[in-house]
Every structure is written in structure tokens, then in C-alpha cells.
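Structural overview
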Amino acid sequence: MNAILETAPADVLSGNADWSKKLPFTSTLRFRLILSVAVVHAVLMGLFIWDAVSEQSDSLRAELQNRGHALTSLMAVATTNALLAEDLASLAEVTARIRNQPDVKYGEVVDAEGNVLASTDSRRIGRRVRDRIASSEAMPLPAGDHVLDLREDIKVAGRTVGSVFLGLSTDNLDHALAATRNEGLLFILIALVAGSVAAWALSFAATRNLHAMILAVRRITGGDMDVRVSATGKDEVSLLARAFNTMVESLQRTSEQVRSEHEKRTEAERLACVGELSASIAHEIRNPLSAIINSVKLLARGDIAEDDRSQLTGIVNGEAERLQRILNDFLTFSRVPESKVQSADLCQLVTETVALLNNDSSLPQTVTMRARLCCQQCLGRFDPDQIRQVLMNLVMNAVQAMSGSGEVVIEVAATQHDLIVRVIDSGSGIPDELIDKVTRPFVTGRNNGTGLGLSIVQRILMQHGSKLQIVSHRGVGTEVSFILSGA
Ligand SMILES: Nc1ncnc2c1ncn2[C@@H]1O[C@H](COP(=O)(O)OP(=O)(O)OP(=O)(O)O)[C@@H](O)[C@H]1O
Ligand SMILES: [Mg+2]
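Residues numbered from 1 in each chain as written. Chains lettered and ligands numbered in written order. Predicted model: local features only at pLDDT ≥ 70, side-chain atom pairs only at ≥ 80, totals over all residues. Heavy atoms only, no water.

Moving on, we get to the pattern of salt bridges. Tallying each qualifying case throughout the model produces 16 salt bridges. Here Glu 108 makes a salt bridge to Arg 124, at a shortest N to O gap of 2.5 Å. Taken together, the residues Glu 108 in strand 2 (residues 104-111) and Arg 124 in the loop between strand 3 (116-119) and helix 5 (130-135) connect sequence positions 16 residues apart. Assigned by exposure class, Glu 108 and Arg 124 land together as buried. Residues Glu 284 and Arg 322 are paired through a salt bridge, measuring 4.0 Å at the closest nitrogen-oxygen approach. With Glu 284 in helix 7 (residues 236-301) and Arg 322 in helix 8 (residues 306-334), this residue pair connects regions lying 38 residues apart in the sequence. Where salt bridges share partners, they join Arg 372, Glu 411, Arg 422 and Glu 479 into one cluster. (Salt bridge = Lys/Arg side-chain N within 4 Å of Asp/Glu carboxyl O. Helix = DSSP H or I, 4+ residues; strand = E, 2+ residues; numbered from the N terminus. Buried < 20%, exposed > 50% of the residue type's maximum accessible area, 1.4 Å probe, protein only.)

Written out as C-alpha cells, the structure reads:
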């Protein structure tokens, strides 16, 4: 039954899965979507609030200015007669009344010479403020005061007889603007949070199926073809999920076809191999068997000379021994035991094997055996008994390929993870027509060889996850190599 992935499981969403660890949150679609929405919200809201605040500021300032002009005009009218009559008491009364008006910070009446005749600040009465008259400067107030300064000259028959000064507090205006600004900031914050939550929800819905698909791909890569993703929505991602499921179904069908084809082919190859092997065995044992049968027939006749009899008996013995050797070798080949792979020193194994071969009196003394080692100790993972057998078989082949004197070198080299073994000889080399098939059973180039030595070597190496590499040049020599895992 197919497994449906509704959404990525908890370990994926919580970031414990491998793919999630590799993808930082800042690179995810979710983060980008949330960030874009947040930035756009913040900029738009900021512009809107800035526009609203500056419009409110303009209108409040204009309103304050109008009120200020109205008050200065009123003050100018109210003080004209008193100014002409130099009636300081009336002037003081006017400034006191003006002071009571909302937002008024100060009020002052100055004559044409710049003498302060009346002021909301009684300490200033009698001072000369010519400079202010000339430059229209405002009345000096403590720093930090927010005041709108206004002035109106009092004219009688075109002549300036004095001026009134008025300061209106802008505190209320500033408070109103600050309140609007604060409200705006609050709106920006709310918009940011709401936008981010909405973006997260949207991105979650959009990428949920994508996450499930990533997980499904991981499981498919691991060989689980029954996995499917949920594809119930109507959006593009759901369409993609449906297409993904269709693709996986077709992939599953194809891989099942491939598997069944492979099984059929393997079975056919196995049968062909069995047939080939049977033919090889039959071929190998037919000659000695015919020789034995013919010899026994002749011996059975009874009318043969004593010399012929002992010759025939010798043939029967020799061929029977050959048959026995063929069967023994074949049994070794067909029953290569499971490799007991362990951590062992390959250099030590090679040194021991070379010493053993050098002391073997059955081998020609004209052949020199030598070990060429990359280091004192090289640990690898292999079955020492089986690799010793591999080395023996390879060295025997090398020795048999030499007529007279020569040298066989067993070399061990190490890479970062592997050990490389080479058996190099200066023998006759392998004939071109044989080189591609010497590892097949019963393929031999020697008269008394069974052709199973390299097949056994190949099987042992296969069990070690390795295989033989052969490079050979006629008349120069042969190099046979294989690789073992380092420890
Ligand atoms: N180092 C070598 N130099 C030249 N020929 C080689 C070498 N190694 C293998 N051969 C060729 O490959 C053939 C197959 O070798 P293999 O060891 O499988 O069988 P064999 O040596 O003929 O018989 P046996 O089963 O007794 O080992 C050999 O008969 C020989 O012709
Ligand atoms: Mg051999």
C-alpha cells in the first residue's frame, strides 16, 4: 500500500532532518515571503503615516497662525488709542486680557522707539528693544519653549507708532502631532505582526507540499517507491504534487519492469553459466577419462607385453590423478568459504608469504622472490588466510610463466583509504587471446593447468569487494594488482 505524506513529519518541520539542517532558515521560501511582506508593509504604512502627520501638522499650524494673526490684530486695535495717549494702565489691562487667552505665552506693546510699554512679563516694562523692532526678532524665551512668534505694527496715518508682539504656545499642536505619530507607529507594528502572521500562514500552506515532496524524494532515493504526497488542493503546488505522484507511479512501474527484466536476465545468465561450466567440466574430464577407458580396455585383452602393460598402468594412474586434481580444484573453486574479514597487517602477511616461497624447494631456485613494501606496517581489512591463498596463486602463475631465471616482486602501496597490492613478474606474459578470459574457470594456457587458479582468486577478491586488474606484455612480463580497504 502507498504511504501518503500529508505534510512533512515533525522531525522535518522541527529542522531535525538532514535537508533542513543544510538549509538555513534565512534561505527558505517562508523566511523570504515573511520578510518581503513585512518590509512592504512597513514601508507603505510608514509613508502613509508620514503623509498623515505632515498634513495634520500643516493644518494645525495654519489654524494656530490664523488665530495668532486675529489676536495680534485685536491687540493692535485695542492698544492704538492707549498708545497714542500713553495710557500705560490701559495697555497693561489689554496685555493682561490677552494673556488669559488659550495658548498665549506672552504679549507685549512697544512704542516706535523700541521702549516696552506693557508686557505679560512685568520685569520687561521700560526696557528698550530697538534691535527687535528693527529685525522683528521674537521676544527671547527660555530654551525648549515651543512658541509661534507674531508681530503687528500699529500705524496711524501711515506712520508706525508702535508694535504689538504675541507668542502662541505650540505645545498642544506638538502633542497632537506626537499622538498621531505614536498611533501611526502602533499601526505599523500591528500591520507588521498581522502581515507576518498572514505571510507565514500563506507560506506554510504553499510550501507544506514542497516539504513533503523533499521528504518523499529522500525516501525514494532510499529505495521506498511506495511513498506519495498529499495533493488535495487546487493551487499550483497541489498540481505539482499530483504531477509528482504520477511521476513516482511511472517510476515505480518502470523500476519494477527493470527489476523483473534484470531477474530474468540474471536467471538466463545463471543457466548459461551453469551450461558453460558443465561443458567445461565435461571437456576437462573427457580426455583423461577416454585415456583411462582405452588403457583399461587394452589391459583387459590380456595379450599385451609386460612393458606395454606397465606403460598403460602408468597412463591410468596419471590420468586418474589428473582427474582427482581437477575435481579438488573445482571443489575449492565452488566452495570458497565466506571471508572472515578482520583488521590485519598486510605488510607482515606479504613478508611471511615471500619467506615461505623462498624456502619452498619445489620452486626453481633461479627465480628470486622479493617484497617491496610502502611501510613497516600497513593495516587493512581482509581475511588473512584467503589473501595468502590469493598471493600464492598469483606467485605460482608468475613462476610458471618464467623459463629459467627471473624475478617476482610483491609490492604493497597505500593511499588515504586503501592498500594496493601488485604482483609483478618478468615472465613470458599472457597471450592476447587469453588475457580477457583468464579469470574464467577452466581457461588455461598451460598443458597441465586446470585453469581454476585465477577463478578462485577472483571469487575471493569479489568477497572482499575487489577485483583483479591485469596488465601484461608478451615477452616482458605481467603485473596483476588488486585493492583492499585500509583499516
Ligand atoms: N603471471 C602470468 N604470466 C603469464 N601468464 C599467466 C600469468 N598468470 C596467468 N597466466 C595465464 O592465465 C592462465 C590461467 O591461469 P590460472 O591460474 O587461472 O590457471 P592455470 O595456472 O592454468 O591452472 P591452475 O588452476 O593450476 O592455476 C594460465 O594458464 C596462464 O596461461
Ligand atoms: Mg594458476
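So, on to helix 8. Taking 1.5 Å of rise per residue, the 29 residues of helix 8 would be expected to cover 42 Å, and the 42 Å separating its terminal C-alpha atoms lies within 8% of that figure. The complete set of buried residues in helix 8 reads Leu 312, Val 316, Arg 322, Leu 323, Ile 326, Phe 330 and Phe 333. The secondary structure elements touched by the buried residues of helix 8 are helix 7 and helix 12 (453-463). (Expected span 1.5 Å × (residues − 1). Contact = heavy atoms within 4.5 Å.)

Moving on: the side chain of Thr 95. With respect to the helices and strands, the residue Thr 95 is situated in helix 4 (residues 88-99). Looking at Thr 95, the relative accessible area reads 2%, which means it is buried. The residues contacting Thr 95, other than those within four sequence positions of it, are Met 75, Gly 107, Val 109, Ala 118, Ser 119 and Thr 120.

Put simply, the largest pocket is a space of about 910 Å³. Lining of the largest pocket is provided by 33 residues; of these, Asn 397, Gln 400, Thr 444, Arg 446 and Leu 454 occupy positions nearest its centre. Counting only elements with at least two residues in the lining of the largest pocket, the list comes to helix 8, helix 10 (384-400), helix 12 and strand 13 (477-486). A per-class count over the lining of the largest pocket returns 14 nonpolar, 14 polar and five charged. Residue-level mapping places the lining of the largest pocket at the junction of two domains, with at least three residues from each of domain 1 (254-335) and domain 2 (336-486). (1 Å grid on protein atoms, 1.4 Å probe; cavity = no way out; pocket = protein on both sides within 12 Å on 5 of 7 lines; lining within 4 Å. Points joined across faces, edges and corners; volume = space filled by probe spheres on them. Nonpolar A, V, L, I, M, F, W, Y, C, P; charged D, E, K, R; others polar. Domains from an automatic or database assignment.)

The domains assigned to the chain are domain 1 (254-335) and domain 2 (336-486). Contacts between the two partners involve 14 residues from domain 1, matched on the other side by 14 residues from domain 2. Across the interface of domain 1 and domain 2, roughly 1100 Å² is buried in total on both sides, 64% from carbon and sulfur atoms. Per-residue buried area on domain 1 facing domain 2 is highest for Glu 284, Asp 329 and Phe 333; these three make up 42% of the total on that side. For the pair domain 1 and domain 2, the number of links is zero salt bridges. Put simply, domain 1 and domain 2 have four residue pairs in polar contact (both at pLDDT 80 or more) between them. Of all the elements in the fold, those that place two or more residues in the side of domain 1 that touches domain 2 are helix 7 and helix 8. In terms of residues, the side of domain 1 that touches domain 2 owes the most to one element, helix 8, which gives eight residues. (Buried area = accessible area lost by both parts, 1.4 Å probe. Polar contact = N/O pair within 3.5 Å; in protein donor to acceptor, adjacent residues only side chain to side chain.)

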